Amino acid sequence: MSESIYSGLTQLGGATVQPKTPEEAVLERVPNPNPGDHYVVRFTAPEFTSLCPITGQPDFAHLVIDYVPGEWLVESKSLKLFLTSFRNHGAFHEACTVGIGKRLVDELKPVWLRIGGYWYPRGGIPIDVFYATGEPPKGVWIPSQDVQTYRGRG
């Protein structure tokens, strides 16, 4: 019996222990079934949680990750486990958002990637953090992230 492109995955299809830290989390990838075609993959994580590294208070964000795959796609369960590994991780908003983007770039080697981190306010100030690897490829439809600016009671 020949191996499938999914045979190397270790987290999909069964119970998986939640990684304790982002560094411990394993991001798995599968071959892109359409290599050479430029298209956008979007992941939205509207309930992302991490901790303030100083106070230990929880911070919440709405993350939107868009990428144009190269040879690899991220396996979605491993991405979910990676993102939830931040729940007990202390880091500033900028470190979380940019760190997630860079980790995905390191693992996937995408043609292009951007992440928008739309952080909910604490202390009255929302913080939005954006990271991209450069200009998107020409001819690829890149949808707007459509996350509204925080308005509070306004």
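Values in this document were obtained by computation on a predicted structure and should not be read as measured data. (Residues numbered from 1 in each chain as written. Predicted model: local features only at pLDDT ≥ 70, side-chain atom pairs only at ≥ 80, totals over all residues. Heavy atoms only, no water.)

With respect to the overall build of the protein chain
Filter applied, for reference: A run of H or I in DSSP becomes a helix once it reaches four residues, and a run of E becomes a strand once it reaches two; helices and strands are each numbered from the N terminus. When a residue's accessible area, from a 1.4 Å probe over protein chains only, is under 20% of the maximum for its type it is buried; when over 50% it is exposed; and in between it is partly exposed. Contact criterion: two residues are considered in contact whenever any of their non-hydrogen atoms come within 4.5 Å of each other. In this description, accessible areas are obtained by the Shrake-Rupley approach with a 1.4 Å probe, and a residue is regarded as covered only by the protein chains that are shown.
Helices and strands together make up the secondary structure of the protein chain, namely two helices and six strands. Starting at the N terminus and ending at the C terminus, the protein chain contains elements arranged as β-β-β-β-α-α-β-β. Oriented by its inertia axes, the alpha-carbon framework of the protein chain measures out at about 60 × 40 × 20 Å. Split into buried and exposed, the 154 residues of the protein chain put 40% on the buried side. Restricting the contact set of the protein chain to residue pairs at least 6 apart, pairs at least 24 apart contribute 71%. Accessible surface computed for the protein chain: about 9,200 Å², of which carbon and sulfur atoms make up 55%.

Quick look at helix α1 (residues 76-84)
Put simply, the rule reads: Whenever two N or O atoms come within 3.5 Å, that pair is a polar contact, provided that in protein one can donate a hydrogen and the other can accept it, and provided that, for residues adjacent in sequence, both atoms are side-chain atoms.
Residues of α1 that are buried: Ser78, Leu79, Leu81, Phe82 and Leu83. Of the surrounding secondary structure, the elements contacted by the buried residues of α1 are β2 (41-51), β3 (58-68), β4 (72-74) and α2 (93-108). For α1, the side-chain oxygen to backbone nitrogen distance between the N-cap and Lys77 is 3.0 Å, and the N-cap itself is Glu75.

Some words on the side chain of Asn32
Position of Asn32 among the secondary structure elements: in the loop between β1 (29-31) and β2. For Asn32, the contacting residues outside a window of four places in its chain are Tyr39, Pro69, Gly70, Glu71, Trp72 and Leu73.

Re the pairing of strand β6 (residues 125-132)
To be explicit about the condition: Pairs of strands are assigned from DSSP output, requiring at least two bridges between the strands.
Bridge analysis of strand β5 (residues 112-122) against β6 gives seven bridges, and the strand direction is antiparallel. Pairing of Arg122 across the sheet is with Ile125, part of β6. Where β5 folds back onto β6 in an antiparallel hairpin, the turn is made up of two residues, including Gly123, whose phi is positive at roughly 75 degrees.

Digging into the UniProt feature "binding site: substrate" (unreviewed entry) in the protein chain
As a reminder, the rule being used: UniProt positions are given in the numbering used here, feature names are shortened, and annotations may be inferred rather than shown by experiment.
Annotation from UniProt places "binding site: substrate" (unreviewed entry) at Val74, Glu75, Ser76, His93 and Glu94. A maximum C-alpha distance of 24.4 Å is found for the annotated residues, which run over 21 residues; spatially they are spread out rather than grouped. Here Glu75 falls in the buried class, since its relative accessible area comes to 6%. Here Ser76 is to be found in helix α1.

Here's the deal with the sheet that holds β3
The line we're drawing: Here an axis means a line fitted to C-alpha atoms, over the contact stretch when the element is a helix, while the angle between two N-to-C directions is reported on a 0 to 180 degree scale.
An order of β2-β3-β5-β6 is seen for the four strands of this open sheet, with the pairing classed as antiparallel. Either end of the sheet is taken by a strand with one partner, and the two such strands are β2 and β6. Put simply, the sheet's adjacent strands are angled 15 degrees from each other on average, direction ignored. Looking at chain direction, β2 and β3 are connected through nine bridges and run antiparallel. By the bridge assignment, Val41 is partnered in β3 with Tyr67. In the packing of α2 onto the sheet, contacts are made with β2, β3, β5 and β6, and the angle to β5 comes to roughly 160 degrees.

Considerations on the environment of Trp112
Secondary-structure assignment places Trp112 in strand β5. Residues Trp112 and Lys20, spaced 92 residues apart in sequence, show a C-alpha to C-alpha distance of 29 Å. In contact with Trp112, other than residues within four places in its own chain, are Asp66, Tyr67, Val68, Thr133, Gly134, Glu135, Pro136, Pro137 and Ile142. Here Gly134 takes part through its backbone oxygen, which lies 2.8 Å from a polar atom of the side chain of Trp112.

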